[in-house]
Amino acid sequence: MADWQTFSDRINNVTPSATLAVDSKAKAMKASGVDVIGFGAGEPDFPTPADVVDAAVKACNDPRNYKYTPTAGLPELREAIAAKVLRDSGYEVTADQVVVTNGGKQAVYESFQVLLNDGDEVIIPTPFWTSYPEAVKLAGGKPVEVFAGADRGFEPDIAAIEAARTERTKAIIITSPNNPTGAVWSRETIRAIGEWAVEHHVWVISDEIYEHLNYDGAKTAYVGVEVPECRDQLLVLNGVAKTYAMPGWRVGWMVAPAPVAASVAKLQGHLSSNVSNVPQRAALAAVAGSLDEVHMMREAFDARRKAIVAALNDIPGVHCPTPTGAFYAFPDVTGLLGKPLGENGTVVNTSSELAAALLDEAHVAAVPGEAFGAPGYLRFSYALADDQLAEGMRRFRRWVG
Ligand code: GLU
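This write-up is about the structure you can find in this document. Just so it is clear, the structure is predicted and the values come from calculations on it, not from any experiment. (Residues numbered from 1 in each chain as written. Predicted model: local features only at pLDDT ≥ 70, side-chain atom pairs only at ≥ 80, totals over all residues. Heavy atoms only, no water.)

**Topic: the pairing of strand 14 (residues 378-381)**
Burial of strand 14 is two-sided: the residues Leu378 and Phe380 facing one way and the residues Arg379 and Ser381 facing the other way are all buried. In this sheet, strand 14 lies alongside strand 9 (residues 328-329) in antiparallel orientation, the contact comprising two bridges. Within strand 14, the position partnered with Ala329 by the bridge is Phe380. Sheet analysis places strand 13 (residues 367-368) next to strand 14, joined by two bridges and oriented antiparallel. The residue bridging Val367 from the neighbouring strand is Arg379, located in strand 14. (Buried < 20%, exposed > 50% of the residue type's maximum accessible area, 1.4 Å probe, protein only. Helix = DSSP H or I, 4+ residues; strand = E, 2+ residues; numbered from the N terminus. Pairing = 2+ DSSP bridges.)

Written out as structure tokens, the structure is:
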């Protein structure tokens, strides 16, 4: 490639999204006739609730939705999101603190674009959702991983976080319920992180997209509730994808101090303008409606969670802690490395090679731990139909032998 043809360092330094890569590969194999069981992307298999779809159909016929609307979101939706924060988290925010984004992912990206200067550091409790470090790098920042393994229930250690702090530490991410581990961090941990952030003047990015998916009596703790003093430095990220089975509608949001929200809207004004109006109207029906459907989905996820954890632990060499949130199981698979697997006696040395062999030979798609800063693990999304889940586990078991 000639010099003039090279791309920016910024894009060359970014790793592709592994969750989406596994999902696309599995879907492409399916389209070509291979019967793949997909535990890849965290994508609820339920249909979007009918009243939400009806609101979208109605919106298609309403010419108001054919025009540009305010960049930060439809005023009614911003109001509804502010009301939702009061309903679910119990504290007041105003509509001017809300920016509606193209999925939660855009809110992640915009947070760092608005907060970081080159070289600023972001502490990322690890295992992390795969897109966080890339969004930090795209903003010129430096991701700082602080690992907590299965031995501590994937619960971050505040002493390790403090040890990672430098004078460049600008922000920290909280994700609870967690992707990829399924852990719900304790109220004490959330409080400790919030208090630490206030003490050291660090922005808090709290990704609460799995807030309604918790099991075994685990409760989502909100940092804005545990540490009210942190609200002036808190960016809450959320969206309709997981709560209302709406991943493809691409509606997320950020709730932040008003000057942050205004800066995010300024950025979005040059990036993507308003989120498509029809999905915004659908999101309004979802957010302003009840949580009944998510409670039903949670019951179904709970049964699948128990089934997948039992099935994984039944496979020699696999150890799966019991997750109490989201819809991911995150087993330790180091016991399978370096041993012959499957009919061909394939030997793999990393979880990444394991995921590739599992997909190619057993037609089971899972995301390798490497994508989440945690080699030695595999992530299984159990947001798929019960019979698919059972068949996928049977194949994994049979393949291991
Ligand atoms: N957040 C989901 C996941 O982790 C959806 C895919 C993605 O955007 O990464 O699988």
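**What to know about the site of the ligand**
Around the ligand, the neighbouring residues are Thr19, Leu20, Ala41, Gly42, Lys105, Trp129, Asn179, Lys242, Tyr328 and Arg379. Within the side chain of Lys242, one N or O atom sits 3.3 Å away from a nitrogen atom of the ligand. Taking 280 Å² as the accessible area of the ligand by itself, protein coverage stands at 87%. Of the residues that constitute the shell around the ligand, the class distribution is four nonpolar, three polar and three charged. (Near = heavy atom within 4 Å. Polar contact = N/O pair within 3.5 Å; in protein donor to acceptor, adjacent residues only side chain to side chain. Areas by Shrake-Rupley, 256 points an atom, 1.4 Å probe, with all protein chains shown as cover. Nonpolar A, V, L, I, M, F, W, Y, C, P; charged D, E, K, R; others polar.)

**A closer look at the pattern of salt bridges**
Going through the model one piece at a time under the given rule, you end up with 23 salt bridges. Residue Lys84 pairs with Asp88 through a salt bridge whose shortest N-O separation is 2.8 Å. Pair noted here: Lys84 and Asp88 are both in helix 4 (residues 75-89), with a separation of four residues, about one helical turn. Judged on exposure class, the residue Lys84 and its partner Asp88 are both buried. A cluster of three or more residues bridged by salt bridges with shared partners is formed by Asp35, Glu391, Arg394 and Arg395. (Salt bridge = Lys/Arg side-chain N within 4 Å of Asp/Glu carboxyl O.)

**A few points about the nonpolar core**
Counting residues in hydrophobic clusters, the biggest one holds 101 residues, and the most contacted among them are Phe39, Ile308, Leu312, Phe380, Phe396 and Trp399. Non-local contacts of Trp399, meaning those with residues more than four positions away in its chain, are made with Leu341, Gly342, Leu354, Ala357, Leu358, Glu361 and Ala362. Counting 26 residues, the second-largest nonpolar core is a separate cluster that includes Leu115, Tyr132, Val136 and Leu235. (Core = buried A, V, L, I, M, F, W, Y, C linked by side-chain atoms within 4.5 Å. Contact = heavy atoms within 4.5 Å.)

**Some points on the packing of helix 3 (residues 50-60) against helix 11 (residues 277-288)**
Two quantities define a packed helix pair, namely the angle between the axes and the distance from one axis to the other. At their nearest, the axes of helix 3 and helix 11 sit 8 Å apart, and the two run at 145° to each other. For the pair helix 3 and helix 11, the sense of crossing is right-handed. Residues Asp51, Val52, Ala55, Ala56, Ala59 and Cys60 of helix 3 form the contact with helix 11, whose own contacting residues are Val278, Arg281, Ala282, Ala285 and Ala286. (Axes fitted to C-alpha atoms, helices over the stretch in contact; angles between N-to-C directions. Left-handed = near helix turned anticlockwise from the far one by under 90°.)

**Some points on unusual backbone geometry**
Cis geometry is adopted by the peptide bond preceding Pro177, which originates at Ser176 and carries an omega value of -5°. Its location among the elements puts Pro177 in the loop between strand 5 (169-175) and helix 8 (187-200). Following Asn179, the chain continues into Pro180 via a peptide bond in cis, with omega recorded as 20°. For Pro180, the position within the fold is in the loop between strand 5 and helix 8. Even without being glycine, Phe154 reaches a positive phi, approximately 60°.

**Side note on the sheet that holds strand 13**
The antiparallel open sheet is built from three strands, whose spatial order is 9-14-13. Whereas interior strands pair on both sides, the edge strands pair on one side only; in this sheet they are strand 9 and strand 13. Each of strand 13 and strand 14 touches helix 13 (residues 351-362); the most contacted strand, strand 14, lies at about 45° to it.

**Section: the sheet that holds strand 3 (residues 121-126)**
If you trace the seven strands from one edge of the open sheet to the other, you get 2-8-7-6-5-3-4, paired in mixed fashion. The sheet terminates laterally at strand 2 (98-101) and strand 4 (142-147), the two strands that pair on one side only. When the angles between neighbouring strand axes are averaged without regard to direction, this sheet yields 20°. In this structure, strand 7 (residues 234-239) lies alongside strand 8 (residues 252-255), joined through four bridges in antiparallel fashion. Each bridged residue has a counterpart across the sheet, and for Gly239 the counterpart in strand 8 is Gly252. With respect to the sheet, helix 4 is in contact with strand 2, strand 7 and strand 8, its orientation differing from that of strand 2 by roughly 115°.

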